[in-house]
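# Structural characterization, general
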Amino acid sequence: QVQLVESGGGLVQPGGSLRLSCAASGIIFSITAMGWYRQAPGKQRELVADISSGGSTRYVESVKGRFTISRDNAKKMVYLQMNSLKPEDTAVYYCYAGGPYGSWGQGTQVTVSS
């Protein structure tokens, strides 16, 4: 019943930008903390950014100043704006719903390469 549908991934050159979107259903979105994780091949999945129900945000140090997480409660959407992309940002990016749900999206590939 919980569904997180991601979009916006793709291939981009170093220095470029992408915006990832996550559409949520089956959850009480407005009181649920949301996040974005990523996993590169052969590496651990890591938290990139999260946002509380009140709008407080956190970022992994490597993306601070480049990425912005936001939410639109009316649309039940979470976004990750990614600017100044680097090859090290290449990974599968996953949307996550916290609280009692503990649910993941299907993942979307982001590739940063020239």
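Residues numbered from 1 in each chain as written. Predicted model: local features only at pLDDT ≥ 70, side-chain atom pairs only at ≥ 80, totals over all residues. Heavy atoms only, no water.

### Digging into the environment of Thr57
Mapped onto the secondary structure, Thr57 falls in strand S6 (residues 57–59). Taking the C-alpha atoms as reference points, Thr57 and Ser70, separated by 13 residues in sequence, lie 8.3 Å from one another. Excluding anything up to four places from it in sequence, Thr57 contacts Asp50, Ile51 and Ile69. (Helix = DSSP H or I, 4+ residues; strand = E, 2+ residues; numbered from the N terminus. Contact = heavy atoms within 4.5 Å.)

### With respect to the environment of Tyr59
Residue position: Tyr59 is located in strand S6. Note: C-alpha distance between Tyr59 and Val48 (eleven residues apart in sequence) is 5.7 Å. Here Ile69 takes part through its backbone nitrogen, which lies 3.0 Å from a polar atom of the side chain of Tyr59. (Polar contact = N/O pair within 3.5 Å; in protein donor to acceptor, adjacent residues only side chain to side chain.)

### Structural notes on the packing of aromatic side chains
Inspection of the entire model under this criterion finds four aromatic pairs. An angle of 55 degrees between the planes, with centres 4.6 Å apart, marks the rings of Tyr96 and Trp104 as tilted. Relative accessible area serves as the criterion here: at 21%, Tyr96 is assigned to the partly exposed category. Stacked on the ring of Tyr94, the Lys or Arg Arg45 has its end atom at 3.8 Å from the ring centre. The ring centre of Trp104 lies 4.6 Å from the NZ or CZ of Arg45, which sits over that ring. (Phe/Tyr/Trp six-rings, centres within 6.5 Å; stacked < 30°, edge-to-face > 60°. Buried < 20%, exposed > 50% of the residue type's maximum accessible area, 1.4 Å probe, protein only. Lys NZ or Arg CZ within 6 Å of the ring centre and 35° of its normal.)

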